[in-house]
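The lines below spell out each chain.
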Amino acid sequence: MEPPRDRRGTAASRLRPPLLSRLGVLAVGLAVGLTEGTLPIGFAVAQPAPPVNVEALAVAADPGPYAVGTWDARHVDAARHDRVVRLRVYYPAAGHTEAGVPPVVGASGSPYAVVVGDGIIGDVFGAHLASHGFVFVAVQSQGPYFVFLHEAMIDFPLDLVFGLDLLAAGELGVPAAAVDSDRTGVVGHSFGSWNALALAGARVDPQHLQRTCAERPAAWSDNWWTYVCGTPQRWAGFEAAAREVGLAAPAGLWEPFGDARIRAAMALGPEGFDLTGPAGLASVEVPVLLVAAGADEMNDYVPATTELFAHLPDADLITFVGATHLWVFVGDAQPHLRRFALAFFDVNLRGGAAWTDILTPAFVEGIAPTLGGRTGFEGLVWGVAGEGTVGGR
């Protein structure tokens, strides 16, 4: 197995070209051959990075400048046996809106970047991101399936693509001209994390799953072994569902779910490595932010999160130490999650600079734990817990 890579860099570093500014300096001075008080033309003395404005970053958890409107819809995907898909759109509104009233989308800042996800994660991030100038499309007709190799692992990512197509065509209430669907992110928790990875370009590797279940890695708990390898009888139905939509291949890696409009993926309480392996993740060409519960009792932190982090080409990881699987919805995690989501999508979909310092080890481990309570988790680590510090301790 390929050894894990060193991932102590920052997501912000990808978005601060040129290299000099990524290193937090304004310019570089050469010491060779310099006399006191002189510098060669084009060089200056290195300067320390400016101090972090904690107050300015803290408000990333608060609602943004836009009012938020919602639009509910029910559509039928004729290409998939008239599959019914229920959706809710959160959008930046020009003013107060009421349910059922046609959207009046705020003109300032449009066309807006888009984020897609299931309805459960939409309850966490939809209104917040819309208040900061995103359009969020939530597929309401999705929910946990609790069984590996469920056909929903094929259908759900395609539901999100269907919703994005409808939005881009102006069929979800928001005018097509008000959105830029070519700048789309995807977010999901647990089962929704597979949606995110799939749309980011991950590919199924049947041989990897077969080898893994035959060997049973020593680090696996009984719980994870049973979940991943305990229902081999489901493979035939899973493969048939994939073949019907053109994903399954007769040998080797399957075709990717990936959509070229997806520019960034955020996966919380993630899973999926057992289905993709290193080869299946190699085709993920967009930045991925993994956010994990260090004591996850359902999607085991080791290996579900750690293997994804080790093998995704461009990934960062934030670990909520001591948190369990549903930490996203309980306790004090949500303000932190709103900051992380806003920073990640702002940087990667809009090229924003206001929140880049949020996606750094210094903020995650040193500053974030001072901005609220820690009910439901013990602290925060940038990277794999055990390799860094536990913020707030």
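Please read all numbers here as calculations on a predicted model, not as lab measurements.

### Focus on the overall build of the protein
Within the protein, the secondary structure is distributed over twelve helices and nine strands. Evaluated residue by residue, the protein yields a buried proportion of 52% over its 393 residues. Across the protein, every contact between residues at least 6 apart in sequence was considered, and the portion connecting residues at least 24 apart equals 71%. A total accessible area of about 16,300 Å² is found for the protein, and carbon and sulfur atoms account for 57% of it.

### Re the pattern of salt bridges
Taken as a whole and assessed by the stated rule, the structure comprises 13 salt bridges. A salt bridge links Asp-159 to Arg-80; the shortest N-O distance between them is 2.6 Å. Taken together, the residues span a long stretch of sequence, with Asp-159 in helix α4 (residues 152-168) and Arg-80 in the loop between β1 (67-77) and β2 (83-93) at a distance of 79 residues. Each member of the pair, Asp-159 together with Arg-80, is buried.

### A look at the pairing of strand β7 (residues 288-293)
When a strand is regular, its side chains alternate between the sheet's two faces. Of all six residues that make up β7, six are buried, and the element is covered over most of its length. Burial of β7 is two-sided: the residues Val-288, Leu-290 and Ala-292 facing one way and the residues Leu-289, Val-291 and Ala-293 facing the other way are all buried. With four bridges joining them, strand β6 (residues 262-268) and β7 adopt parallel strand pairing. Looking at the pairing, Ala-265 lines up with Val-288 of β7. A crossover connection joins β6 to the parallel β7 through helix α9 (residues 273-281); in handedness this β-α-β unit is right-handed. Pairing of β7 with strand β8 (residues 315-321), which is carried by six bridges, proceeds in the parallel orientation.

How each quantity is defined
Residues numbered from 1 in each chain as written. Predicted model: local features only at pLDDT ≥ 70, side-chain atom pairs only at ≥ 80, totals over all residues. Heavy atoms only, no water. Helix = DSSP H or I, 4+ residues; strand = E, 2+ residues; numbered from the N terminus. Buried < 20%, exposed > 50% of the residue type's maximum accessible area, 1.4 Å probe, protein only. Contact = heavy atoms within 4.5 Å. Areas by Shrake-Rupley, 256 points an atom, 1.4 Å probe, with all protein chains shown as cover. Salt bridge = Lys/Arg side-chain N within 4 Å of Asp/Glu carboxyl O. Pairing = 2+ DSSP bridges. Right-handed = clockwise from strand over helix to strand, strands pointing away.

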